[in-house]
Amino acid sequence: MEIAGVILAGGQNRRMHGQMKALLPIGEEMIIERQVREMKRICQQVILVTQQPEVFPAWVKREVQVIGDEIAGCGPLSGMDAAFAVAATPYVWVVACDMPYLSAVVAAALKQELERLRKEAAIPRLQGKDHPLHGVYRVDTGERIRELLLRKQYRVKELLQQLSCAYVEERFFAEQDLSTRCVININTREEYEAFVKQGAS
Ligand SMILES: Nc1nc2c(ncn2[C@@H]2O[C@H](COP(=O)(O)OP(=O)(O)OP(=O)(O)O)[C@@H](O)[C@H]2O)c(=O)[nH]1
């Protein structure tokens, strides 16, 4: 598939009172376990970008490449910048560490769409909202990310404006029988508790 998976886990988890969201259990597994398993279905390389490698269990360090931000703490673009620099594939699938339902099937479809339309990124756009943190990018867009960081432009929205993007909407998901729940993320304790209560699996 020529694609690397990137899990961004360098945020401050403020809305979760500092608790690392990647380690939250959903059903039998932690989110990170589900994510690594799902990414390995299509990715030759899986990269975890975090400033807190010590909180992750030892198996994570065996299974994935753990790196830190180079330009630290400026939001998701910091993690993307570091990961794109070490990715050894032409494409990169980026996710946030708080997405339990990320989908390899969706990522593969995004990559195909990106190639078909000869774009630089393929981004889900659902109910009018863009989801760059379940997006597929050409790895050479890393240069643009670095430039943005050096100009102190830290918004992912800014990156999307600079790239030629294929925006993939509900119709695409429906036509290919893909679930849109891949973009769900958990930001707060309340959201997490609601998730567990409804018996999320
Ligand atoms: N590597 C890296 N990842 C980041 C950084 N900032 C945010 N992220 C990740 O990007 C994703 C989206 O981040 P947010 O939800 O905006 O921030 P958060 O830290 O998770 O949560 P809050 O502090 O509650 O806003 C999460 O997976 C974060 O871990 C950063 O500076 N570096």
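Residues numbered from 1 in each chain as written. Predicted model: local features only at pLDDT ≥ 70, side-chain atom pairs only at ≥ 80, totals over all residues.

The chain is annotated in an unreviewed UniProt entry as Probable molybdenum cofactor guanylyltransferase of Laceyella putida. Entered under Cofactor (unreviewed entry) in the UniProt record, the comment concerning the chain runs "Mg(2+)". Under the UniProt heading Catalytic activity (unreviewed entry), the note attached to the chain is "Mo-molybdopterin + GTP + H(+) = Mo-molybdopterin guanine dinucleotide + diphosphate". (UniProt positions renumbered as here; feature names shortened; annotations may be inferred.)

**Details of the overall build of the chain**
Along the backbone of the chain there are 8 helices and 10 strands. Computed over its C-alpha atoms, the radius of gyration of the chain comes to 16 Å, within 12% of the 17 Å expected for a compact globule of 201 residues. Considering only C-alpha atoms, the chain reaches an extent of 40 × 40 × 30 Å along its principal axes. Per-residue burial for the chain yields a buried fraction of 39% across its 201 residues. Sequence separation of 24 or more characterises 69% of the internal contacts of the chain that already satisfy a separation of 6 or more. (Helix = DSSP H or I, 4+ residues; strand = E, 2+ residues; numbered from the N terminus. Rg over C-alpha atoms; globule rule 2.2 N^0.38 Å. Buried ≥ 20, exposed ≤ 12 C-beta atoms within 10 Å, placed from the backbone. Contact = placed C-beta atoms within 7 Å.)

**Some thoughts on the environment of Pro76**
Looking at where Pro76 falls in the secondary structure, it is placed in helix α3 (residues 76-86). It is 9.7 Å that separates the C-alpha atoms of Pro76 and Val94, two residues lying 18 residues apart in sequence. Not counting chain neighbours up to four residues away, the residues in contact with Pro76 comprise Leu8, Leu133 and Val156.

**Examining helix α5 (residues 142-150)**
What α5 keeps buried is the set Ile145, Leu148 and Leu149. All buried residues of α5 project into a common sector of 100° when viewed along the axis, lining one side. What points out from α5, more than 90 degrees from its buried face, is the exposed set Glu143 and Leu150. Positioned one or two residues after α5, Lys152 has a phi angle of 60°, which is positive. (Arc of directions from axis to C-beta.)

**As for the UniProt feature "binding site: Mg(2+)" (unreviewed entry) in the chain**
UniProt's entry tags Asp98 with the feature "binding site: Mg(2+)" (unreviewed entry), counted in the numbering of this structure. By the element assignment, Asp98 lies in the loop between β6 (91-96) and α4 (104-117). By the C-beta count within 10 Å, which is 25 here, Asp98 ends up buried. Those residues in contact with Asp98 that lie beyond four places of it in its chain are Lys21, Ile31, Asn185, Ile186 and Asn187.

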